[in-house]
Amino acid sequence: MIPSLLRSTARSALLLLAVAVLVFAATELLPGDAAQARTRGRASDAELAGLRAQAGLDDPVWQRFGRWLAGLLRGDAGRSLISDRPVSDLIAERLPATLLLTGLALAVAVPLMLLVAWAGSSPRLRAPASGAIAAAAGVPQVVVAGALVALFSGLLHWLPRVSLLPIGQSPWRQPELLVLPTLSLALPAAAYGAGVFAGAVADVRQLPHVGDAVLRGVPRWLVAARHVLPLLLAPLLRILAIIAGGLIAGAAVVETVFGYNGLGELLVSSVASRDVPTVQAVAVLGATVVLAGLWLADLIPGGTG
């Protein structure tokens, strides 16, 4: 157990370091910088040079990366280049809204994923179901959001088109604002998870003791809960980890589409303003969620690949 834990921890730490390098490199490739975005082209060359020097933007790449990585290890994500506020404060303001949205999306996506995966693993339905699930998983999230808005807001007039909410205000005060963003995140996630999980479910359903339980007349829900699901905990946790990270990443699209003030909207606005420390912190946070879930999955017997 201890060697496996050490291997999983070391692998997760190396992957997180690789993600940090990629995130930093990606932000380096963004055109322009925060000094230009902050002054909106109205500053002179001398003023821009002063702002860049003050923010450390002219320092060598390796020095900026080392300073940023050391700060992350201390729990300091730096200060916003636009508002000069600590990035941790900006994240803390938006994090509860995104956690609520992704939590609701998981609560919808997971049962739906399990139902679709179970149905899709049936020998009679596996071929047509796999094609339908793959097609559903391939629909872009923005298309799903647009279709939901067209149906529930445009055609039926049941729900608001946008989810404008003041930063820091609890979404529970207007729960109807959560419905469309939640479904826009949950439906693609459920389709992706079902596509990945259905194969594992089909393999377990073919095991002799599962077939014996079916022949003995055990109810199908009990077969699934007692004989199938326990053998699928490791792959299920891996899929949930990927889905959780994907929901955080997908929130950038959904929150922007609906005007929902969460981490995803913060990420998009920070990219637009070239607020690099904020972009880096939000991106690394999403990767950390995925890697933490995969690390936990490795601790389940049969979870280490």
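The shown structure was predicted, so the numbers you read here are calculated from the model rather than taken from an experiment.

About the thresholds
Residues numbered from 1 in each chain as written. Predicted model: local features only at pLDDT ≥ 70, side-chain atom pairs only at ≥ 80, totals over all residues. Heavy atoms only, no water. Phe/Tyr/Trp six-rings, centres within 6.5 Å; stacked < 30°, edge-to-face > 60°. Helix = DSSP H or I, 4+ residues; strand = E, 2+ residues; numbered from the N terminus. Buried < 20%, exposed > 50% of the residue type's maximum accessible area, 1.4 Å probe, protein only. Expected span 1.5 Å × (residues − 1). Bend = angle between axes of the 7 residues up to and from the residue. Contact = heavy atoms within 4.5 Å. Patch = residues over 30% accessible without salt bridge, like charges linked within 9 Å, V, L, I, M, F, W, Y side chains within 5 Å. Areas by Shrake-Rupley, 256 points an atom, 1.4 Å probe, with all protein chains shown as cover. Salt bridge = Lys/Arg side-chain N within 4 Å of Asp/Glu carboxyl O. Axes fitted to C-alpha atoms, helices over the stretch in contact; angles between N-to-C directions. Parallel < 35°, antiparallel > 145°, perpendicular 65-115°, else oblique. Left-handed = near helix turned anticlockwise from the far one by under 90°. Nonpolar A, V, L, I, M, F, W, Y, C, P; charged D, E, K, R; others polar.

Within this structure, the stated rule accounts for four aromatic pairs. On the numbers, 5.2 Å between centres and 70° between planes, the contact of Phe24 with Phe65 is edge-to-face. Linking Phe24 in helix α1 (residues 2–28) with Phe65 in helix α4 (residues 61–73), this pair joins segments that are 41 residues apart in sequence. Each of the two residues, Phe24 as well as Phe65, counts as buried. Taken together, the ring pairs in this structure connect Phe24, Phe65 and Trp68 into an aromatic cluster.

Turning our eyes to something else, we now look at helix α7 (residues 141–155). An ideal rise of 1.5 Å per residue puts 21 Å on 15 residues; α7 measures up with 20 Å between its terminal C-alpha atoms. Maximum bend of α7: about 25°, positioned at Val149. Among the residues of α7, those classed as buried are Gln141, Val144, Ala145, Leu148, Val149, Phe152 and Ser153. Considering only its buried residues, α7 is in contact with α8 (176–205) and α11 (233–258). His157 lies just past α7 and shows a positive phi near 60°.

A surface patch of nonpolar side chains, amounting to about 330 Å² of accessible area, comprises Val139, Val142, Val143, Val253 and Val257. Taken together, the elements giving at least two residues each to the nonpolar patch come down to α7 and α11. Topologically, Val143 is positioned in helix α7.

Attention shifts here to the packing of helix α5 (residues 87–120) against α11. Taken N-terminus to C-terminus, the directions of α5 and α11 make an angle of 130°; their axes are 10 Å apart at the nearest point. By the angle between their directions, the pair α5 and α11 is classed as oblique. By crossing handedness, the relation of α5 to α11 is classed as right-handed. Within the contact between the two elements, α5 uses Thr98, Leu101, Thr102, Ala105, Leu106, Val110, Met113 and Leu114 and α11 uses Leu236, Ile239, Leu240, Ile243, Leu247, Ile248 and Glu255. Class assignment for the residues of the contact of α5 with α11 results in 12 nonpolar, two polar and one charged.

Now for the pattern of salt bridges. Applying the stated criterion across every chain, the model contains four salt bridges. Here Glu93 ties to Arg85 by a salt bridge, and the two come within 2.7 Å at their closest N and O atoms. For Glu93, a relative accessible area of 34% corresponds to the partly exposed category. Arg85 sits in the partly exposed class, given a relative accessible area of 31%. Residue Arg216 is joined to Asp212 by a salt bridge in which the shortest nitrogen-to-oxygen separation is 2.9 Å.

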